[in-house]
Amino acid sequence: MATALSNLSEYDASKVPNCNGAKVALVISEWNEEITSGLAKGAIETLTKHGVDDEDIIVRHVPGAFELPLGAQMVLEKDEELDAVICIGCVIQGQTKHFDFVCQGTTQGIMDVGLNYALPVIFCVLTDNTIEQSRARSGGEHGNKGVEAAVTALKMIHFNH
């Protein structure tokens, strides 16, 4: 696995722009809340570390990962001042093909929203085989994918301005 050789929370802060004045929404899946809350914590800490004010971080929750694209679209339609949306979710492999359908639909949907709005809509959805793998990537031994997603959002906001 690619993550096994790196820590998702490690990055060169000097290469991340200060985005003071930027407005970012986090759309967070309630499913696998233990994992998604850890990802959200990492994302929020990283955004504020790089200049995004607390009041400029909007947090919205949707039931599951499959609802993330529509949630992102809805938040973008309600707030035209948003500079980016980070979609946070976690889908863990089960014994049926449901995992494949949810992952494919969620991934395609998030990409489509970003392309349709020409704004950064960042994919922060863990698609792991086990809960242990998800824990390792949401603040555990492999760091926090939420940090990586926030860094991506900040760099794309800077790119877009």
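In this text the structure is predicted, and so the values were computed from the model without any measurement.

**Student:** Quick one: what's the story with the packing of helix α2 (residues 68-78) against helix α3 (residues 98-117), residue by residue and with numbers?
**Tutor:** Look at α2 against α3: their axes get within 8 Å of each other, and the N-to-C directions meet at 20°. With respect to α3, the axis of α2 lies roughly parallel. Two secondary-structure elements touch here, α2 through Leu68, Pro69, Ala72, Gln73, Leu76 and Glu77 and α3 through Gly105, Thr106, Gly109, Ile110, Val113 and Tyr117. Class assignment for the residues of the contact of α2 with α3 results in 7 nonpolar, 4 polar and 1 charged.

**Student:** How would you sum up the layout of surface pockets? Please name residues and give values.
**Tutor:** By volume, the largest pocket amounts to about 250 Å³. In terms of lining residues, the largest pocket is bounded by 14 residues, among which Trp31, Ala65, Val91, His98 and Val102 are the most central. Mapped by element, the contributors of at least two residues to the lining of the largest pocket are β3 (84-92) and α3. The residue makeup of the lining of the largest pocket, split by class, is 8 nonpolar, 5 polar and 1 charged.

Rules and cut-offs
- Residues numbered from 1 in each chain as written.
- Predicted model: local features only at pLDDT ≥ 70, side-chain atom pairs only at ≥ 80, totals over all residues.
- Heavy atoms only, no water.
- Axes fitted to C-alpha atoms, helices over the stretch in contact; angles between N-to-C directions.
- Helix = DSSP H or I, 4+ residues; strand = E, 2+ residues; numbered from the N terminus.
- Parallel < 35°, antiparallel > 145°, perpendicular 65-115°, else oblique.
- Contact = heavy atoms within 4.5 Å.
- Nonpolar A, V, L, I, M, F, W, Y, C, P; charged D, E, K, R; others polar.
- 1 Å grid on protein atoms, 1.4 Å probe; cavity = no way out; pocket = protein on both sides within 12 Å on 5 of 7 lines; lining within 4 Å.
- Points joined across faces, edges and corners; volume = space filled by probe spheres on them.

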